[in-house]
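# Descriptive structure summary
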Amino acid sequence: MGLRFPTAWTGLALLLVPMGAAAIDRKEVLEQMKNSRPADLTVLIQKPDAGGLRTIGIYAIKPSAADPKVRQYKIWEELPNDLNIYFESVNCSATNPLRVKRTSTAVYVRNLNPGGPVSDTNREDHLVWWAACVPEVAGTEPASLRQKALDLGYSTLIPERQQQLPALAPKSPRP
């Protein structure tokens, strides 16, 4: 739930094996990685970023073994100069809808209000939540889903809030 996987470097290692000592540049590796997007990837956001496009998608969505209201998934984040994969989860319950997002520096627990107000600040959270919890509306503008949320039993009146926790750093080897 929320681990960052350094995909570009793993991809680089995998590409170097068959090529032997031939030099390969980072741009070429990133382009090859972008071209190998997962088959079940649903693109949620695509917008201009410095030097290219920033693309965020979701894939490998599955219910948690511990709680059927929790979904686990992977976030695919393509940047012009990097590719990141994050392992995350959402709670789809009507009483406690939330997203647990992890970056390299922090873990964010965000209580959401499906069907409530959507802004630039919470748009990504709502897009991810809807895609994981109600896949048939994945990619739909979340601000237009108020009636769908009401039909599914969400109040649309839940206060949104965020808790930020420090990310757990990997243990460094002892000298």
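To be clear, the structure that these remarks concern was listed above.
The structure contained in this document is the topic of the report that follows.

So, how was this worked out
- Residues numbered from 1 in each chain as written.
- Predicted model: local features only at pLDDT ≥ 70, side-chain atom pairs only at ≥ 80, totals over all residues.
- Heavy atoms only, no water.
- Disulfide = S-S within 2.5 Å.
- Helix = DSSP H or I, 4+ residues; strand = E, 2+ residues; numbered from the N terminus.
- Buried < 20%, exposed > 50% of the residue type's maximum accessible area, 1.4 Å probe, protein only.
- 1 Å grid on protein atoms, 1.4 Å probe; cavity = no way out; pocket = protein on both sides within 12 Å on 5 of 7 lines; lining within 4 Å.
- Points joined across faces, edges and corners; volume = space filled by probe spheres on them.
- Nonpolar A, V, L, I, M, F, W, Y, C, P; charged D, E, K, R; others polar.
- Pairing = 2+ DSSP bridges.
- Phe/Tyr/Trp six-rings, centres within 6.5 Å; stacked < 30°, edge-to-face > 60°.

### Some points on the state of the cysteines
A full pass over the atoms with the stated rule returns one disulfide. Disulfide partner of cysteine 92: cysteine 133, at an S-S distance of 2.0 Å. Looking down the S-S bond of the cysteine 92 and cysteine 133 bridge, the torsion is -85°, so its handedness is left-handed. Of the two residues, cysteine 92 sits in the loop between strand E5 (82-91) and strand E6 (98-102) while cysteine 133 sits in helix H3 (residues 123-133), which places them 41 residues apart along the sequence. Residue cysteine 92 is classed as buried on the basis of its relative accessible area of 9%. According to the relative accessible area criterion, cysteine 133 is buried, its value standing at 14%.

### Concerning the layout of surface pockets
Approximately 160 Å³ is the volume found for the largest pocket. Lining the largest pocket we find Leu44, Ile45, Lys47, Arg54, Asp120, Thr121, Arg123, Glu124 and Leu127. For the lining of the largest pocket, the elements supplying multiple residues, two or more each, are strand E2 (42-49) and H3. Of the residues contributing to the lining of the largest pocket, the split by class is three nonpolar, one polar and five charged.

### A few points about the pairing of E2
Relative to strand E3 (residues 52-63), E2 runs antiparallel, the two being bridged by seven bridges. When the sheet's bridge partners are listed, threonine 42 is paired in E3 with isoleucine 58. Hairpin connection from E2 to E3: two residues lie between these consecutive antiparallel strands, with glycine 51 at a positive phi of about 85°.

### Observations concerning the packing of aromatic side chains
How two aromatic rings sit relative to each other is set out by the distance from centre to centre and by the angle between their planes. For the structure on display, the rule yields three aromatic pairs. Relative to tryptophan 130, the ring of tryptophan 129 has its centre 5.1 Å away and its plane inclined at 90°; by these criteria the two rings are edge-to-face. Taken as a pair, tryptophan 129 and tryptophan 130 share a single burial class, namely buried. Ring-pair connections join several aromatic residues into one group, and the members of that group are Trp129, Trp130 and Tyr154.

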